[in-house]
Amino acid sequence: MNEIITNITHLFQDIKCDFNFLWNFKLRGNTVEIITPFSTLARNTLSVFITQRENRFIVSDGRRLFDNIEENNFEINRRNAVYLDEIASIYEVKKTTENHLYFKSTDNIKLISSYIYDIVFFQKAVFDNIFADEMFFLSEVQDGWFSTRMNNLLSKKIDENKKHNRLFSVPKGHPLMKVAGFNTVLQYQGCATLWAAMYITGSTQGVYADHICRANTGFMYVKNETTLNCQVKLAAIFDEDAKGNDSQYERIKFAKSVMNNSFSFSRYTYLDFNAIDDLSKLYESA
């Protein structure tokens, strides 16, 4: 017997009742805050605010959309502005010019429920698009940009060192890069020691922390392998301009403390590395 089909009427009433209990409200002076059961990908609960101006009812986001974007350190760049305009058009939402408040208004009180849903899903659609873009697309772009920038600088340095008979190469298929996740490995002709570096970057604090954790894993691998431990000079190159570079963020602080207390390695920024003319000096450190 299919119990769902048999009890569908009661089941549906229970579902509807349980869902309704998730809604709440607060009085804020002459404004009512409707606290909804919906949230964004960043787990911000979505609220809608209702107020009256003469004979019109105003249903707005209370500037919460803009506040949530700012609190997550996202920017209203050209790409995000397109999301806002397009989605506002779909839900027929207007915006005040002075304080980034999004709203719908009506003189028909029966439309308020419909407008609440419009403002809720407008906020959710905009924020979740920006969140996903920042977390997945832009983080990959920034990570790739810094890696490309560093690799190009390293190639330039290798070419410059050739003029002084200092011959270096990057064995791209080396297991430290292919398996252990190092961004680059530098081989110095006539020297048995390798120089292996991790690039630390990220468009968010979480991604930046993840890069440090990945470096810690690679460093641990080298440290635990007796042959590698004697033959590899470890380095970390930090993208200080990365959006996610926040020294006060707890995960970053923790990951950096593990790195500093557990491994012997050289620390560089892009500018530090750019100032190095003789690449053989990399093998004197760490």
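Preceding this paragraph is the structure being described.
Computed from a prediction, not measured in an experiment: that's the story for all the values here.

Visitor: Looking at this structure, how should I read the packing of aromatic side chains?
Guide: Two numbers describe a pair of aromatic rings. These are the distance of the centres and the angle of the planes. Throughout the structure, instances matching the rule amount to 19 aromatic pairs. Here the aromatic rings of tryptophan 23 and phenylalanine 38 are separated by 6.0 Å at their centres, their planes lie at 85°, and the arrangement is edge-to-face. In this pair, tryptophan 23 sits in the loop between α2 (8–21) and β1 (24–28) while phenylalanine 38 sits in strand β2 (residues 31–39), placing the two residues 15 residues apart along the sequence. Ring geometry for phenylalanine 146 versus tyrosine 199: centroids 6.1 Å apart, planes at 85°, classification edge-to-face. Here phenylalanine 146 is found in helix α5 (residues 112–162), whereas its partner tyrosine 199 is found in strand β9 (residues 194–200), with 53 residues between them in sequence. Ring pairs connect the aromatic residues Phe19, Trp23, Phe38, Tyr117 and Phe121, which therefore count as one cluster. Taking the ring centre of tyrosine 115 as reference, the NZ or CZ of lysine 104 above it sits at 4.4 Å.

Visitor: Explain the sheet that holds β9 to me, please; I cannot follow it from the model alone.
Guide: Whether parallel or antiparallel, the strands of a sheet pair through hydrogen bonds between backbone atoms. A sheet is described by the order of its strands in space; here five strands give the open sequence β7-β8-β9-β10-β11, paired in mixed fashion. In this open sheet, the two edge strands, each paired with only one partner strand, are β7 (168–169) and β11 (266–269). In the sheet, β9 pairs with strand β10 (residues 232–238) via seven bridges, with the strands oriented parallel. Counterpart to alanine 197 in the pairing with β10 is alanine 235.

Visitor: I would appreciate a short explanation of the layout of surface pockets in the present structure.
Guide: Once rolled over the atoms, a probe with the size of a water molecule shows which space is left empty. By volume, the second largest pocket amounts to about 170 Å³. Forming the walls of the second largest pocket are Thr31, Phe49, Ile50, Thr51, Arg53, Ile58, Ser60, Gly62 and Leu101. Listing elements by their share of the lining of the second largest pocket, those giving two or more residues are β3 (45–53) and β4 (56–60). Top element by residues in the lining of the second largest pocket is β3. It accounts for four residues. For the lining of the second largest pocket, the per-class residue count stands at four nonpolar, four polar and one charged.

Visitor: How should the pattern of salt bridges be read in this particular structure?
Guide: Two side chains of opposite charge can pair, provided their charged atoms sit close to one another. Tallied over the full model, the rule gives eight salt bridges. Here arginine 28 makes a salt bridge to glutamate 33, at a shortest N to O gap of 2.5 Å. Here aspartate 118 makes a salt bridge to lysine 104, at a shortest N to O gap of 2.7 Å. You can see aspartate 118 sitting in helix α5 and its partner lysine 104 sitting in strand β6 (residues 102–106), a full 14 residues away along the chain. Each of the two residues, aspartate 118 as well as lysine 104, counts as buried. Ionic contacts of the salt-bridge type, sharing partners, join the residues Arg28, Glu33 and Arg64 into one network.

Visitor: Please clarify how the sheet that holds β6 should be interpreted in this entry.
Guide: Spatial ordering of the open sheet is given by β1-β2-β3-β4-β6-β5, a layout of six strands whose pairing is antiparallel. Whereas interior strands pair on both sides, the edge strands pair on one side only; in this sheet they are β1 and β5 (94–95). Here β1 pairs with β2 via five bridges, running antiparallel. Bridge assignment links leucine 27 to a residue of β2, and that residue is valine 32.

Visitor: Even after reading the chapter, I still don't get helix α7 (residues 205–224), so can you show me in this structure?
Guide: An α-helical turn contains 3.6 residues, so a residue and the one three or four places further along point in the same direction. Helix length check: α7 (20 residues) gives 29 Å between terminal C-alpha atoms against 28 Å at 1.5 Å per residue, within 8%. Taken together, the buried positions of α7 are Gly206, Val207, Tyr208, Ala209, His211, Ile212, Ala215, Asn216, Gly218, Phe219 and Val222.

Visitor: How do you make sense of the pairing of β3 when you look at a structure like this?
Guide: Where a strand is regular, its side chains alternate between the two sheet faces. As paired elements, β2 and β3 share five bridges and run antiparallel to each other. For isoleucine 34, the partnering residue across the bridge sits in β3 and is valine 48. What sits between β2 and β3 in their antiparallel hairpin is a turn of five residues, with arginine 43 showing a positive phi close to 70°. Judged from the five bridges that link them, β3 and β4 form a sheet pairing that is antiparallel. Across the sheet, residue arginine 53 finds its bridge partner in β4, namely arginine 56.

Here is what the cut-offs are and how they apply
Residues numbered from 1 in each chain as written. Predicted model: local features only at pLDDT ≥ 70, side-chain atom pairs only at ≥ 80, totals over all residues. Heavy atoms only, no water. Phe/Tyr/Trp six-rings, centres within 6.5 Å; stacked < 30°, edge-to-face > 60°. Helix = DSSP H or I, 4+ residues; strand = E, 2+ residues; numbered from the N terminus. Lys NZ or Arg CZ within 6 Å of the ring centre and 35° of its normal. Pairing = 2+ DSSP bridges. 1 Å grid on protein atoms, 1.4 Å probe; cavity = no way out; pocket = protein on both sides within 12 Å on 5 of 7 lines; lining within 4 Å. Points joined across faces, edges and corners; volume = space filled by probe spheres on them. Nonpolar A, V, L, I, M, F, W, Y, C, P; charged D, E, K, R; others polar. Salt bridge = Lys/Arg side-chain N within 4 Å of Asp/Glu carboxyl O. Buried < 20%, exposed > 50% of the residue type's maximum accessible area, 1.4 Å probe, protein only. Expected span 1.5 Å × (residues − 1).

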